[in-house]
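Survey of secondary and tertiary structure
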Amino acid sequence: MPSTPDDFDPPVGVPVTLAPGLRRILAPNPSPMTWRGTNTYLVGTGDLAVIDPGPRSAAHLEAILAALRPGQRISHIVVSHTHLDHSPLARDLATRSGAPVLAFGDATAGRSAIMRDLAANGLQGGGEGLDAEFRPDRTVRDGDLIQGDGWSLRVIHTPGHLGNHIVLAWGKLCFTADHVMGWASSLVSPPDGDLTDFMASCERLRDAEWDVFHPGHGAPITDPAARLDWLIAHRRMREAAILEELTNTPASVRTLTHRLYLDTPPALIPAAERNVLAHLIDLTRKSRVKYDGRLDENPEFSLT
């Protein structure tokens, strides 16, 4: 299960040592979608990799630079994906540090074929905040190694939350960004997110052996296998609940959301609607549900 808010409340802007050669700095951007804020990670003891610089924030930029110890420099800036709470500070940090920015690609890189078609046909995102201006200095691909002074990060492409989402393996430790978080399940919002891809990425991570996950938001996850099992089961439960609701009568995304997310705070209902839409698109691809008109958040869906 996700951890509760009281489990994780570190000081903002203060480096916290998590392991030898690993520190975390919390960005000053708490919200219903980011919880306490974005976790920025510093890997290494000499030349450092900065993972997910975070939102554009002068205070956070200075906090990252102030964390450098004598003899240290930033050699790599790695962006897990291009939501506004993870990538915008990368360019400012690159300018100040001289380090290149590495990522899978721009905001639409890695988008699945069906999501490209839906976007071309007018399906809009849910306002989660894409960093449309982002361009990396170097693109990375699945299986690439990002290497520095005494450390090596292996790139694993994990589309689902976003098409360009990557996680980074450091031995049996993994920086999971927003794919596996320490406080809630991930948002999957078409056409930027794809639930079919998300589930495949979960299964891929589940097939490996991990000691700890360090997520983009929230505390370290010390039982990665259990958290992945929970994520997969949670999505399957939500799918079953949607199908059960549709056995009674056709329903829209909004109707289904209000029937299924009974205890969700109002501020999170728009995100819940996007998750329901993601499930309905996935079920359409599986020929489990059908709809009339254009595939978006508006039509009523029914069982096939």
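Attention here is on the structure that accompanies the text. All figures in this text were calculated on a predicted structure; none of them were measured in a lab. (Residues numbered from 1 in each chain as written. Predicted model: local features only at pLDDT ≥ 70, side-chain atom pairs only at ≥ 80, totals over all residues. Heavy atoms only, no water.)

**Considering helix 2 (residues 89–97)**
Note the following rule: Only protein chains enter the accessibility calculation, which uses a 1.4 Å probe. A residue is then buried if its area is under 20% of the maximum for its type, exposed if over 50%, and partly exposed in between. What counts as a helix is a DSSP run of H or I of at least four residues, what counts as a strand is a run of E of at least two, and both are numbered from the N terminus. Throughout, the arc means that of the directions going from the helix axis to the C-beta atoms.
Listing the buried residues of helix 2 in full gives Leu-89, Ala-90, Leu-93 and Ala-94. One face of helix 2 carries all of its buried residues, which in axial projection span an arc of 135°. With its phi angle positive at about 80°, Gly-98 sits one or two positions after the end of helix 2.

**Focus on the sheet that holds strand 10 (residues 166–170)**
Spelled out, the test is: Pairing between two strands is assigned when DSSP locates at least 2 bridges connecting them. With axes taken as lines fitted to C-alpha atoms, and helix axes fitted only over the stretch in contact, angles between N-to-C directions fall between 0 and 180 degrees.
Strand order across the open sheet formed by five strands is 8-9-10-11-12, with mixed pairing between neighbours. Every interior strand has two partners, whereas the edge strands, strand 8 (145–148) and strand 12 (212–215), have only one. Across the sheet, the mean angle from the axis of one strand to that of its neighbour is 25°, orientation sign disregarded. Judged from the three bridges that link them, strand 10 and strand 11 (residues 173–177) form a sheet pairing that is antiparallel. Looking across to strand 11, one finds that Ala-169 is bridged to Cys-174.

**Observations regarding helix 1 (residues 58–66)**
Under the convention used in this document: The contact rule is simple, with two residues in contact once any of their heavy atoms fall within 4.5 Å.
What helix 1 keeps buried is the set His-60, Leu-61, Ala-63, Ile-64 and Leu-65. Here the buried face of helix 1 lies against strand 2 (22–26), strand 3 (39–43), strand 4 (47–51), strand 5 (73–78) and helix 2.

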